[in-house]
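# Coordinate analysis (summary)
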Amino acid sequence: MKTSVIGAGYVGLTTAACLAQIGHAVFCSESDTDKLSKLQAGIMPVFEPHLENVIALARKSGRLTFGATEEAIEGGQAIFICVGTPPLGNGDADLSAIEGVARAIAKKASGYRLVIEKSTVPVQTGVQLRKHLSVHSNRGLDCDVASNPEFLREGSAVEDFLHPDRIVVGVESGRAAKLLQEIYQPIINQTFACPVHSRCPSRTPPRFLLTDTNSSELIKHASNSFLAMKISFINMVANLCEMVGADVTKVAEGMGLDPRIGPAFLNPGIGFGGFCFPKDVQAFIRIAEKSACDFGLLREVEKINQHRISHFVSKVREELWVMRGKKIALWGLAFKPNTDDVRFAPSIALGRSLLDEGALVSAYDPQATEKARAALPDVHYCADPYEAAQNADAILIATEWEEFQQIDWDRLKKLMERPLIVDGRNMLDPADLTAHGFHYISIGRPTALSRKSDPANDDLQPSAGPKPILQDFPA
Ligand code: UDX
């Protein structure tokens, strides 16, 4: 089926490439002409495992073409809208790009079109889209509007698109449902040449969940907000573990063994970032407010997340005493591993906070350095983790890149002013690091440090409750 994808961001590029991979003829457009010409020249705008290869294969086979939006509108029977919906100052999602595409489709297209929202949009956007398309249509457009939210994660986008847990489709007509089922049939049946696995791990085939557009739109915001809530929950538990001398890793393990909770997204750390969770939680709070629903729970999720950096920095300050003039190595800049994306990355907020306290920051990231420079110009960027650690008073881990597991700890120790590692992602093994002579501090796991109360948490602590029992017993 001739499909078009409008917008070549993470979702658009992955959608276009993977739809071509499963056999569709795809036309992908991008309004940023610089980005478009790079894509036409085979230059990738982002680092995303497997994506460059899938795009190259699809272009070579002739199933994927990059070009202008007009051609995408004329050529595609099914049009996936994948443009950005960045946050406005008040937290609402900015829908101006979506509206722009709707107007262009209404003015240019004639005959039948299936217009599919794939960008993350607030509930009832489909209703507005349908109205807008009919109001502005002047060439006899006959169209259906559908919602088809995307759940791919950066760093595993291609795998997540081709092996999803579910395909959610919100429609108001049987015709639209049938077309979307046809488009996704190879993924539903898992009958495609997989560019990620030589032998795809056996999994339950994805569920094709058919619903109405409003419910489909809400599934996206609710899913992301729920995952963000899980992270803030375990981060709060981690704070408590530090106060009472428990081990959050064990607590999370114990919780996750209950299939009603599940082990996923219970990794404590310096907070969630990226271009999805922070803005989707905000947008969902706003959506609820507009419907007179006070989603205080999500405001708490946000508040807990916003305190992760100050909580983490107070651990560092507790060790270094005076931060001014201290040399700190920041390992990891991307908001998570396997991506070069630093948007809303906790590492950036951490870097800023260290600089504000007068520390000298040297940073290393295997992929995200170029994108971090703009956000953190006063940081000294290094080519490898050892260079960053040269004469450092401390190493802070902000992104759990796998390569930090393969460090030569003896070599590293010789380079540092002081063998202190503060791990904001709990990626290393405390016993192993201690055995190598490091003072290793992490999140919610027993170390000498975590038993002391933390001033940064004052406003998050229950007022004047009884002191935790454990401290009453002699060691
Ligand atoms: C997320 C959703 O997972 C995905 O389904 C949706 O389509 C887009 O938004 P993404 O933003 O790429 O994907 O990253 P994700 O892997 O969800 O991580 C988000 C943030 O949460 C990262 O900063 C990560 O470090 C943090 N995180 C994740 C935790 O702190 N703890 C966890 O247990 C999991």
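Residues numbered from 1 in each chain as written. Predicted model: local features only at pLDDT ≥ 70, side-chain atom pairs only at ≥ 80, totals over all residues. Heavy atoms only, no water.

### Some details on the overall build of the protein
We count it as follows: Helix numbers and strand numbers start at the N terminus; a helix is a DSSP run of H or I with at least 4 residues, a strand a run of E with at least 2. Exposure is judged per residue with a 1.4 Å probe applied to protein chains only, and the accessible area is read against the type maximum: over 50% gives exposed, under 20% gives buried, and values in between give partly exposed. Charged-residue counts in this description rest on Lys and Arg as positive and Asp and Glu as negative, His and the chain ends being excluded. Note that the charge is assigned to NZ on lysines, CZ on arginines, CG on aspartates and CD on glutamates.
Helix and strand content of the protein: 18 helices and 14 strands. Principal axes of the C-alpha set define a box for the protein whose edges measure 80 × 50 × 45 Å. The buried share among the 475 residues of the protein stands at 54%. Placing the 50 positive and 57 negative side-chain charges of the protein at their respective mean positions leaves the two points 3 Å apart.

### Some points on the nonpolar core
Selection criterion: Among buried residues, those of type Ala, Val, Leu, Ile, Met, Phe, Trp, Tyr and Cys that are joined through side-chain atoms within 4.5 Å constitute a nonpolar core. In what follows, a contact means two residues having at least one pair of non-hydrogen atoms within 4.5 Å.
Ranked by size, the top nonpolar core spans 63 residues in total, and within it Trp331, Leu350, Ile395, Leu396, Trp409, Leu412 and Ile421 carry the most contacts. Those residues in contact with Trp409 that lie beyond four places of it in its chain are Trp331, Phe404, Ile421, Leu428, Asp432, Leu433, His436 and Phe438. Counting residues in hydrophobic clusters, the runner-up holds 49 residues, among them Ala8, Leu36, Ile167 and Ile187.

### As for empty space enclosed by the protein
The cut-off we apply is this: Computed over the protein atoms alone on a 1 Å grid, cavities are sets of points where a 1.4 Å probe fits but cannot get out and pockets are open sets with protein on both sides within 12 Å along at least five of seven lines; a residue lines them when it has an atom within 4 Å of a point. Grid points are joined across faces, edges and corners, and a volume is the space filled by probe spheres set on the points.
Here the structure, examined in full by the defined rule, presents three cavities of 30 Å³ or more. Here the second largest cavity is characterised by a volume of approximately 40 Å³. In terms of residue count, the dominant contributor to the lining of the second largest cavity is helix α9 (residues 213-244) (three residues).

### Quick look at the pattern of salt bridges
Here is the rule we go by: We count a salt bridge whenever a side-chain nitrogen from Lys or Arg sits within 4 Å of a carboxyl oxygen from Asp or Glu.
This structure, assessed with the given rule, holds 25 salt bridges. A salt bridge links Arg153 to Asp160, with the shortest nitrogen-to-oxygen separation between them at 2.9 Å. Judged by relative accessible area, which is 42%, Arg153 ranks as partly exposed. Classification of Asp160 as buried rests on a relative accessible area of 11%. Notably, a salt bridge pairs Arg260 with Asp258, separated by 2.5 Å at the nearest N-O pair. Since its relative accessible area comes to 75%, Arg260 is described here as exposed.

### Remarks on the site of the ligand
Quick reminder of the rule: Note on terminology: near, applied to a residue and a molecule or strand, indicates that one of the residue's heavy atoms is within 4 Å of it. Any pair of nitrogen or oxygen atoms within 3.5 Å is treated as a polar contact; in protein, a donor-acceptor pairing is required on top of that, and neighbouring residues in sequence qualify only through side-chain atoms on both sides. All accessibility values rest on the Shrake-Rupley procedure with a 1.4 Å probe; residue burial counts only the protein chains present in the view. Nonpolar residues are Ala, Val, Leu, Ile, Met, Phe, Trp, Tyr, Cys and Pro. Charged residues are Asp, Glu, Lys and Arg, and all others, Gly as well, are polar.
Close to the ligand lie 19 residues; Phe151, Leu152, Glu154, Asn267 and Lys336 are nearest. Between an oxygen atom of the ligand and a side-chain N or O atom of Lys220, the distance comes to 2.9 Å. In this structure, Asn267 approaches the ligand through a main-chain N or O atom, which is 2.8 Å from a nitrogen atom. Contact with the protein chains hides 93% of the accessible area of the ligand, taken as 670 Å² for the molecule alone. For the shell around the ligand, the element with the most residues is α9, which contributes three residues. Class assignment of the residues belonging to the shell around the ligand gives a composition of nine nonpolar, four polar and six charged.

### As for the pairing of strand β13 (residues 420-423)
Rules: Pairing between strands is defined by DSSP: at least two bridges between the two strands are required. When the strands point away from the viewer and the path from the first strand over the helix to the second turns clockwise, the crossover is right-handed.
Taking every second residue as pointing to the same face, both faces of β13 are buried, with Leu420 and Val422 on one and Ile421 and Asp423 on the other. By the bridge criterion, three bridges tie strand β12 (residues 394-397) to β13 in an arrangement that is parallel. Of the residues in β13, the one forming a bridge with Leu396 is Val422. Relative to strand β14 (residues 439-441), β13 runs parallel, the two being bridged by three bridges. Residue Leu420 lies in a different strand from β14, and its bridge partner there is His439. After leaving β13, the chain enters helix α18 (residues 430-435) and then returns to the sheet as β14, a path that is right-handed.

### Points about the packing of helix α11 (residues 277-290) against helix α12 (residues 296-306)
Convention followed: Angles shown run from 0 to 180 degrees and are taken between the N-to-C directions of axes, each axis being a line fitted to C-alpha atoms and, for helices, limited to the stretch in contact. These descriptions rest on fixed angle ranges, namely under 35 degrees for roughly parallel, over 145 for roughly antiparallel, 65 to 115 for roughly perpendicular, and the rest for oblique. Throughout, a crossing is termed right-handed when the near helix is turned clockwise from the far one, and left-handed when it is turned anticlockwise from it by less than a right angle.
Relative to each other, α11 and α12 sit at 155°, their axes nearing to 9 Å. With respect to α12, the axis of α11 lies roughly antiparallel. Between α11 and α12 the crossing geometry is left-handed. Taking contact as the criterion, the partners of Val281, Gln282, Phe284, Ile285 and Glu289 in α11 are, on α12, Leu298, Arg299 and Glu302. Looking at the contact of α11 with α12 residue by residue, the class counts come to four nonpolar, one polar and three charged.

### Regarding the side chain of Lys118
Relative to the helices and strands, Lys118 resides in the loop between β5 (111-117) and α6 (125-136). A distance of 3.0 Å separates polar atoms of two side chains, one belonging to Lys118 and the other to Glu150. Ignoring sequence-local partners within four residues, the contact set of Lys118 consists of Val11, Thr15, Phe80, Ile81, Cys82, Asn148, Pro149, Glu150, Phe161 and Tyr184.

### Describing the environment of Phe47
Mapped onto the elements of the fold, Phe47 is located in the loop between α2 (33-40) and α3 (51-60). Phe47 sits 182 residues away from Met229 along the chain, and the two C-alpha atoms are 28 Å apart. Once residues lying within four places of it in the same chain are set aside, the contact partners of Phe47 are Tyr10, Asn338, Thr339, Asp340 and Gln367.

### A few points about unusual backbone geometry
You will see that His50, though not glycine, has its phi angle at about 75°, which is positive. The topology assignment puts His50 in the loop between α2 and α3. Phi is positive for Gln190, which is not a glycine, with a value near 55°.

### Some thoughts on the packing of helix α1 (residues 10-21) against α3
Between α1 and α3, the least distance of the axes is 9 Å, while the angle of their chain directions is 50°. Classified by the angle between their axes, α1 and α3 sit oblique to one another. For α1 against α3, the interelement crossing comes out left-handed. Across from Leu13, Thr14, Ala17, Cys18, Ala20 and Gln21 in α1, the residues of α3 making contact are Leu51, Val54, Ile55 and Ala58. A class-by-class count of the residues in the contact of α1 with α3 yields eight nonpolar, two polar and no charged.

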